[in-house]
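For reference, the chains in residue letters:
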Amino acid sequence: MTMLEDALRRTLAARVQSPPPTHDLADRVIRRARRVRRRRTAVSGLAGVLAMTLAGLGAWSLRPDPVPPQPHTLAAPVFPVTPDTPLHRAMAARATPSPKPFPIDVIMGDQVETTDGQRVTLPVRQVSQVYRVPTGWLALSADKAAQTAWLVRADGRSFQVADDITPGGLAVDPSGVRLAWQSGPGSPVHTAQLTIDGKTDERVTPFTSTTILLGWVGQYVVLGDGNKQHVVNRVDVWDPTEPYHPTWIDGVSSVIGLATDGVQLVGRLAGSDGDQICLVLLDPSGRDVTPHDKRCVNGVMGTSTLTLSPDGRWLVAHSDVHNVVVLPMDTPEPDPTATLPCDWNCRPVWADETTLLVPQRGGVLRFRVSGARDTVSVPGGGDEITLVPRLGD
Amino acid sequence: MTVGVAAAYGPGDALCRPLRAGRVAAPKEEVRVAPAADLEQEFHDFVAARSQALLRTAYLLAGDWATAEDLLQSSLTKTYLAWRRLGGIEAVEPYARRVLVNTATSWWRRRWHGERPTEVLPDRAAPDRVEEQLDRDALWAYVKELPARQRAVLVLRFYEDQSEAETARLLGVSVGTVKSQCSRALATLRKRLGAAWDGYGPAETEPTVRQEGW
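Residues numbered from 1 in each chain as written. Chains lettered and ligands numbered in written order. Predicted model: local features only at pLDDT ≥ 70, side-chain atom pairs only at ≥ 80, totals over all residues.

Novice: Before we go on, may I ask you to explain the environment of A:Gly251 in this structure?
Specialist: Residue and element names in this part refer to chain A. In this fold, Gly251 is placed in the loop between strand E16 (249-250) and strand E17 (252-258). Judged by local crowding, Gly251 falls into the partly exposed class, with 14 C-beta atoms found within 10 Å. Along the backbone, Gly251 and Ala270 are 19 residues apart, and their C-alpha atoms lie at a distance of 5.3 Å. With residues up to four places along the chain from it excluded, the contact list for Gly251 reads Arg234, Leu269 and Ala270. (Helix = DSSP H or I, 4+ residues; strand = E, 2+ residues; numbered from the N terminus. Buried ≥ 20, exposed ≤ 12 C-beta atoms within 10 Å, placed from the backbone. Contact = placed C-beta atoms within 7 Å.)

Set out below in structure tokens:
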């Protein structure tokens, strides 16, 4: 028990020593509940009338040349996944039922199909990335020049939340509530908060001409500073709720996640090459952000994308162009715990602290750090599968 | 009447006592519908017994008494509606508490985009406790600035004395998330208090935190 924790206990207890009296609270609550029930009853009645009207209009509007969609609010249909849908059948047919069902969202063309009962049509035909966020799904178009981000709600409505995003220039915080984006190297970084109907609290922060938005780790936006070829050789972390003060960290090319203490960050040393990568710890909460506790891992491709588990204990990296290895990060010299098939362009996703999902042809390999693994079939046959990371669970 | 009900919903009993709704199970699976007046009376009793405790938690989540009362009223309304709809809630107080915490965090997402003005603090500390009171005021001011989810974790862990597992269940997140949010909140408090209050420095008091980094 630290002094701070003791002080917190005393402070919180002291703050609530004398709460004000709550007169007639139960009566007020019951009256409010009655109003809510009356309103719900009225709304459900109206919804029934509206549904019948829309059904009639829908039949009328089925014609060869459909009306083009509205630019900012598209109505994307949401279909329940019934017992006849392929994903539901695949989940039901798993040989070993999971004690705790784990959710998988899969991108299928311009749709996302989920194991928790929905199929959502995205407002763009080709997407480069989709995130599951508390308010729905955040989809990023696959345009090569300037991309557009859309929030797609569970009720099917879509809202454009950002545009003119350079490829790779969008980052979402781990809670799935805040996002940051940039139009290109050196352009201002926009930050905003996702809401149920789009975004709010948008702020624009200017940066120097070589600054690149790299990602979002914990509460920090990760920025990179590179040369003319945009090779990053130093990084900075910025809490966007506070003004930006540059504290560049030389020799680090990216920040890949939170360390096991949930406070420090894990950075990747620039210049990692060949079959070795080196990682360091960074402490953004302290006054000194000097990298420390360098740790190198052999047997992985220096150009591999690195994926750290949410608790910082496990690292996933490509050992060659066909496989990834899972490495424990709580030992000084990590040795691979497992090798899993994963082609160069496949992107594993952590479902929780101990479960890694690896897309395969026609299925998803579920690997637990305990060593257990099984495969879940998903629709699409031999097609490549793209998993949707879930944020804010 | 009130005394008896308060005892029934006391700290030990409240966690496991179900609050019945429209139906009451009778022997041989016979079901009868309880009069609406009975349901309301039962809800009145629960509110009378536990509203002050829930209001305290709401205050720590919201930051001021007016918002806390609004938050509590919203949460109890949801609880009451669910109770009627579901035909009974096992362990009503944990249910209400969970609704309270989740409503608080969702309010923050929707409505709280700026800092709230700090209310006038009661200042009746004895002379020899003035410094302690000032320290508490500073700490409380920083707690109020934390993101809603982190503040909720601190309230559940350090005011309600809930375990990490129970906190995770109440918030609907993993234990790992509770640990990381708690750690992050404490680090933020240490950082903000650091300049004014060196006694809370992390490295000297808890060196293992740094060493656990990997």
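There's more to say after this.
Novice: Help me understand helix H1 (residues 3-15) of chain A, please; the structure alone is not making it clear to me.
Specialist: Because each turn of an α-helix spans 3.6 residues, side chains separated by three or four positions in sequence point in the same direction. Residues and elements named next belong to chain A. Across its 13 residues, H1 extends 18 Å between first and last C-alpha, which sits within 8% of the 18 Å expected from 1.5 Å per residue. Leu4, Ala7, Leu8, Thr11, Leu12 and Arg15 are the residues of H1 that are buried. Projected down its long axis, H1 shows its buried positions confined to an angular sector of 125°, all on one face. (Expected span 1.5 Å × (residues − 1). Arc of directions from axis to C-beta.)

Novice: Whenever I open this one, helix H8 (residues 164-171) of chain B confuses me. Can you help?
Specialist: Residue and element names in this part refer to chain B. Listed in full, the buried residues belonging to H8 are Thr167, Ala168, Leu170 and Leu171. The buried residues of H8 occupy one face: seen down the axis, they fall within an arc of 165°. A positive phi of about 70° marks Gly172, the residue just after H8.

Novice: Even after reading the chapter, I still don't get the sheet that holds strand E12 (residues 198-205) of chain A, so can you show me in this structure?
Specialist: Strands in a sheet are paired, the pairing made by backbone hydrogen bonds, and the direction either parallel or antiparallel. Residue and element names in this part refer to chain A. With antiparallel pairing, four strands are arranged side by side in an open sheet as E9-E10-E11-E12. A strand with exactly one partner marks an edge of an open sheet, and here the two such strands are strand E9 (170-172) and E12. With strand direction ignored, the average angle separating the axes of adjacent strands in the sheet is 20°. The pairing of E9 with strand E10 (residues 178-182) spans three bridges and is classified as antiparallel. Pairing of Ala171 across the sheet is with Ala180, part of E10. (Pairing = 2+ DSSP bridges. Axes fitted to C-alpha atoms, helices over the stretch in contact; angles between N-to-C directions.)

Novice: What is the right way to read the interface of chain B and chain A from this model?
Specialist: A common way to report how large an interface is uses the accessible area buried once the components associate. On the side of chain A, 50 residues touch chain B, which itself brings 50 residues to the contact. Breaking the side of chain B that touches chain A down by element, the ones donating at least two residues are helix H3 (36-62), helix H4 (65-86), helix H5 (92-110), helix H6 (130-145), helix H7 (148-159) and helix H9 (175-194) of chain B. When its residues are assigned to classes, the side of chain B that touches chain A shows 23 nonpolar, 14 polar and 13 charged. (Nonpolar A, V, L, I, M, F, W, Y, C, P; charged D, E, K, R; others polar.)

Novice: Teacher, can you tell me more about unusual backbone geometry here?
Specialist: Leave glycine aside and you will find that most residues have negative phi; peptide bonds, for their part, are mostly trans. Phi angles above zero are rare outside glycine, and A:Asp293 is one such case at about 55°. Mapped onto the elements of the fold, A:Asp293 is located in strand E20 (residues 292-298). Notably, B:Asp161 is not glycine yet its phi reads approximately 60°, a positive angle. Within the element layout of this structure, B:Asp161 appears in the loop between H7 and H8. Residue B:Asp161 is classed as exposed on the basis of its 9 C-beta neighbours within 10 Å.

Novice: When you look at the pairing of strand E5 (residues 127-133) of chain A in this model, what are you seeing that I'm missing?
Specialist: Sheet faces and side chains relate simply in a regular strand, where the side chains alternate between the two faces. All names here are of chain A. In terms of burial, E5 is largely enclosed, as six of its seven residues are buried. Two elements, E5 and strand E6 (residues 136-141), share six bridges in a ladder whose sense is antiparallel. Within the sheet, the bridge partner assigned to Val127 lies in E6 and is Ser141. Taken together, E5 and the strand that follows it, E6, pair antiparallel across an intervening segment of two residues.

Novice: So what exactly am I meant to see when it comes to the sheet that holds E16(A) here?
Specialist: All names here are of chain A. What the four strands build is an open sheet, ordered E13-E14-E15-E16; its pairing is antiparallel. The sheet is open, and its two borders are formed by strand E13 (211-217) and E16, each paired with just one other strand. Where E13 lies against strand E14 (residues 220-226), six bridges are found, and the strand directions are antiparallel. If you follow Ile212 over to E14, its bridge partner there is Gly224.

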